[in-house]
Amino acid sequence: MKRILSISLLLAVTVLFVGCGATAQKQQQQPQTVQMIRTVTPERAAGQTDVLELATEALPVVRVGFIGLGMRGPGAVYRMMNIPGVEIVALCDVEQDRVKKVNDRLEKEGRPRAKEFYGDTAVWRQLSALPELDLIYIATPWNTHAMMGVQGMKDGKHVAIEVPAAMNMDEIWDLINTSEQTRKHCMQLENCVYDFFELTSLNMAQQGLFGEVLYGEGAYIHNLEPFWKDYWHDWRLEYNINNFGDLYPTHGLGPVAQAMNIHRGDKMNYLTSTQTKTVAIPEFIKRTQGRDVSKDFRNGDHTVTIIKTEKGKVINIQHNVADPRPYDRMFQLTGTKGFANKYPVEGWALTADSFDANAKVDHEKLDGHSFVNKEMFDKLMKEYRHPIVNDQLLETAKKVGGHGGMDFIMDYRMIYCLQNGLPLDMDVYDLAEWCALIPLTGISIENGSAPVEIPDFTRGGWDKLGKLEFATKK
Ligand SMILES: NC(=O)c1ccc[n+]([C@@H]2O[C@H](COP(=O)([O-])OP(=O)(O)OC[C@H]3O[C@@H](n4cnc5c(N)ncnc54)[C@H](O)[C@@H]3O)[C@@H](O)[C@H]2O)c1
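In this report, the structure presented in the accompanying data block is examined. Keep in mind the model is a prediction, meaning the values are calculated, not measured.

## So, the nonpolar core
- With 110 residues, the main nonpolar core has L175, L431 and C435 as its most contacted residues.
- Sorting elements by how many residues they give to this core places helix 14 (residues 406–419) first, with 10 residues.
- When residues are assigned to domains, this core turns out to be shared by domain 1 (62–188) and domain 2 (192–387 + 429–453), each giving three or more.
- Beyond its immediate stretch of four places on either side in the chain, L175 contacts A146, G149, V150, A165, A166, C186, V428 and L431.

What follows is the structure, given as structure tokens:
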């Protein structure tokens, strides 16, 4: 990556140098051009094809192995216990007590105990090699995700990886190439696209209620001060000390990218990013650990990134895990006929003519300049509930939970598609696009917010599918 970046910078410097050679008068008249920074898109190997709409052999019973049983992993095991046709075959964590605790719970619920793997950071390879596994579910620290995913696919398994699934361009391309070569699913476990407001808004967008969606916002704004100490060996704090850019972009970008049909008729062309100076976390570390990291800390308190798409849309993505703001994923869609907004209060604003004449909602109370009232909101929520969420799924999701139910819908949908041999809701290109913000925002920030190209990770297929569709059994 460094090599790629320095070549691009050399180009940029050359442009500036040529500019300096011109007369002073000319310089005053002509603003200097900013060079678009590009990273390398590796060529697809001969015979290798894309995995758009990848459908694999139906697996009536899905046998799952879990790696990583810290704060996040055990919840995934419990959710899977509530999905018919799932066998929990193996559990892995470095820490023995974490594996035992989850296995005890399985036994308590009347399930067979799973195979156990623990003891060191490489033991997961034994789980990955198990012939009786169909799916590996990964919830470990970020720097282990891509390596585990790549190996899992090479070992013949589908892989589901927690967010962010990849941290740099090499990891992203490795996951894409391995999925394309092995024809295995590689899904990022982006749960926020399944929250009820986002799913309903997606359905409304797809049915045209917002007209053309031109602008979207998303964010991860979550003060992690109360949680830093709980991560295994401080891995998350250390990552924030040593890296900059938007380090956690997928919750914010996922729902907006879906509403804009990214790589299903549109594509993100480039981004530009900036960050504030760093204050809050170094102060927190000084206060709680007595360590002075203020000079070394790389991640700014607040990062703002603007993305431009091929079809002229704009996306604004933000990141702040440092300052004392209420939790906020922003999620906002601005369309030519309507508007969706999730935080701090969920609401939609619609123009009357955006409704279908046959729609069963009350046209009288619409006002293009304010949010629909509570009664209308409830009506829309019901009327436009996404078709993947039937009554039974809604009830089970609310009962089993996981961030209010969205985590359960995510796991349920993945298993449903695997059981029926259907394409998954999110493919490896979604993973790539959403994670690419991490390295690419870093490059932009390092270069004075210069525009950085977002590669077409489908390598030519971004326009093949007309729109996003969640597959269902015919
Ligand atoms: N989607 C969401 O809403 C959401 C919420 C929380 C966390 N996450 C993601 O889940 C992942 C895990 O986060 P967490 O909060 O559980 O962190 P954590 O520190 O609590 O847990 C990580 C676990 O991984 C284990 N581990 C570390 N290296 C390992 C290795 N090489 N092999 C096996 N096990 C290993 C650790 O022992 C620990 O138990 C992260 O990617 C995080 O971003 C997602």
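Picking up after the structure, the text goes on.
## A word on the site of the ligand
- Every one of the 25 residues lining the ligand counts as a neighbour, but G70, M71, R72, E162 and W232 are closest to it.
- Its residues assigned to classes, the shell around the ligand comprises 13 nonpolar, 7 polar and 5 charged.

## Brief notes about the sheet that holds strand 8 (residues 268–275)
- Strand order in this open sheet of 8 strands is 13-12-11-7-10-9-8-14, and the pairing throughout is mixed. If you trace the sheet from one side to the other, it starts and ends with strand 13 (347–350) and strand 14 (452–453), each paired once.
- Where strand 9 (residues 303–309) lies against strand 10 (residues 314–320), 6 bridges are found, and the strand directions are antiparallel. Counterpart to I307 in the pairing with strand 10 is I315.

## Section: the environment of W232
- Residue position: W232 is located in the loop between strand 7 (213–221) and helix 9 (235–242).
- For W232, a count of 15 C-beta atoms within 10 Å corresponds to the partly exposed category.
- Sequence separation between W232 and M71 is 161 residues, and the spatial gap between their C-alpha atoms is 9.1 Å.
- The contact partners of W232, leaving out residues within four places of it in the chain, are G70 and P141.

## With respect to the pairing of strand 11 (residues 332–335)
- Side chains L333 and G335 project from strand 11 onto a buried face, and the interleaved Q332 and T334 project onto a face without burial.
- Across 4 bridges, strand 7 lies against strand 11 in antiparallel orientation. Its bridge partner lying in strand 11, V213 is registered against G335.
- Pairing geometry for strand 11 and strand 12 (residues 338–341), over 3 bridges, is antiparallel. Of the residues in strand 12, the one forming a bridge with T334 is F339.
- A loop of 2 residues connects strand 11 with strand 12, the two strands running antiparallel in sequence.

Cut-off values and rules
Residues numbered from 1 in each chain as written. Predicted model: local features only at pLDDT ≥ 70, side-chain atom pairs only at ≥ 80, totals over all residues. Core = buried A, V, L, I, M, F, W, Y, C linked by C-beta atoms within 7 Å. Buried ≥ 20, exposed ≤ 12 C-beta atoms within 10 Å, placed from the backbone. Helix = DSSP H or I, 4+ residues; strand = E, 2+ residues; numbered from the N terminus. Domains from an automatic or database assignment. Contact = placed C-beta atoms within 7 Å. Near = placed C-beta within 6 Å. Nonpolar A, V, L, I, M, F, W, Y, C, P; charged D, E, K, R; others polar. Pairing = 2+ DSSP bridges.

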